[in-house]
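Below, each chain spelled out in residue letters.
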Amino acid sequence: AGDVGPEAWRVRSTRIAAAPVSRLEVDARWSADIFAVVLRWVGSGSGVVRTATVACVEVPGAVEVRRFVDDVELDPVSVGGPLVLPAVVLGGRMAAGPAYSFEVGDALDPATFLVPVPVEVSVHDVGDEVVMVGGSDVDGTLRRWRIVGEGVDRSGEDVVGPGGLLLRRTTADVVATLTEVAGPTARPHAWGA
């Protein structure tokens, strides 16, 4: 995550899973003039979607979503709310209210795969917490969140540090912790759109 130019930011995040065997990359870019996200999926296994690409581009008053699943272009979708992306590093930017969440969905069903689903996001700051990052203690805010929509009900706790940087996320029995920061500290709250 970081600056890629004057008032321009980029975040790349990769998630690797064992069931199904897959790799999901999120590449998001912001500037004063544009917001664009590309999700890339590569999967393997019997009947599983092999490749998928989702391109999201801000258009006046909405976000246009184009999906390509196993080399087939599906009908574009336009959504009017902010996106909740499957990139843990963007968790510090998650705001309460209506949104659209990208769910991996059923990797055996290309028609419903990586579709933006309308959700309601609730976020509550509940206290302070200290997290070890790169061998140093970093002060953060403990934040509980929940994302609810049709077929979606996820909740967890984040520790968000200076400038909105996500230091730790706990969901069910999985804990993801930032282990190192190199270069200038990323400040997600400063990122536009």
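Scroll up for the structure.
### Section: the packing of aromatic side chains
Okay, so step 1: Counted under the stated rule, the structure contains two aromatic pairs.
Okay, so step 2: Considering the side-chain rings of Trp41 and Phe113, the 4.8 Å spacing of their centres and the 75 degrees angle between planes classify their relative orientation as edge-to-face. On the criterion of sequence distance, the pair formed by Trp41 in strand β4 (residues 35–44) and Phe113 in the loop between β10 (97–103) and β11 (115–133) is long-range, its members being 72 residues apart. Here Trp41 and Phe113 have matching classes, each one buried.

### Digging into the pairing of β11
Okay, so step 1: Strand direction decides the pairing type here: β10 and β11, joined by seven bridges, are antiparallel. Residue pairing across strands places Pro98 opposite Glu120, the latter belonging to β11.
Okay, so step 2: Turn length for the β11-strand β12 (residues 136–149) hairpin, with the two strands adjacent in sequence and antiparallel, is two residues, and the turn residue Gly134 shows positive phi of about 60 degrees.

### Details of the nonpolar core
Okay, so step 1: By size, the foremost hydrophobic cluster in this structure holds 28 residues, and its most contacted members are Leu39, Trp41, Cys56 and Leu114.
Okay, so step 2: Among the secondary structure elements, those contributing two or more residues to this core are β2 (8–18), β3 (21–31), β4, β5 (51–59) and β6 (62–69).
Okay, so step 3: Among all residues touching Cys56, those that are not within four sequence positions of it are Phe35, Ala36, Val37, Leu39, Val63, Glu64, Val65, Leu83 and Phe102.
Okay, so step 4: Counting residues in each nonpolar core, the second largest holds 10 residues, with Val119, Val123, Trp145 and Ile147 among its members.

### Describing unusual backbone geometry
Okay, so step 1: Of note, the bond from Ala19 into Pro20 is cis; its omega dihedral lies within 30 degrees of zero at -10 degrees.
Okay, so step 2: Tracing the sequence through the fold places Pro20 in the loop between β2 and β3.
Okay, so step 3: A positive phi is found at Asp70, a non-glycine position, where the angle reads about 45 degrees.
Okay, so step 4: The class of Asp70 is partly exposed, set by a relative accessible area of 30%.
Okay, so step 5: If you check the backbone angles, Leu114 has positive phi at about 55 degrees while not being a glycine.
Okay, so step 6: Examined against the element boundaries, Leu114 turns out to sit in the loop between β10 and β11.
Okay, so step 7: Leu114 gets classed as buried once you look at its relative accessible area, which sits at 1%.

What counts, and where the lines are drawn
- Residues numbered from 1 in each chain as written.
- Predicted model: local features only at pLDDT ≥ 70, side-chain atom pairs only at ≥ 80, totals over all residues.
- Heavy atoms only, no water.
- Phe/Tyr/Trp six-rings, centres within 6.5 Å; stacked < 30°, edge-to-face > 60°.
- Helix = DSSP H or I, 4+ residues; strand = E, 2+ residues; numbered from the N terminus.
- Buried < 20%, exposed > 50% of the residue type's maximum accessible area, 1.4 Å probe, protein only.
- Pairing = 2+ DSSP bridges.
- Core = buried A, V, L, I, M, F, W, Y, C linked by side-chain atoms within 4.5 Å.
- Contact = heavy atoms within 4.5 Å.

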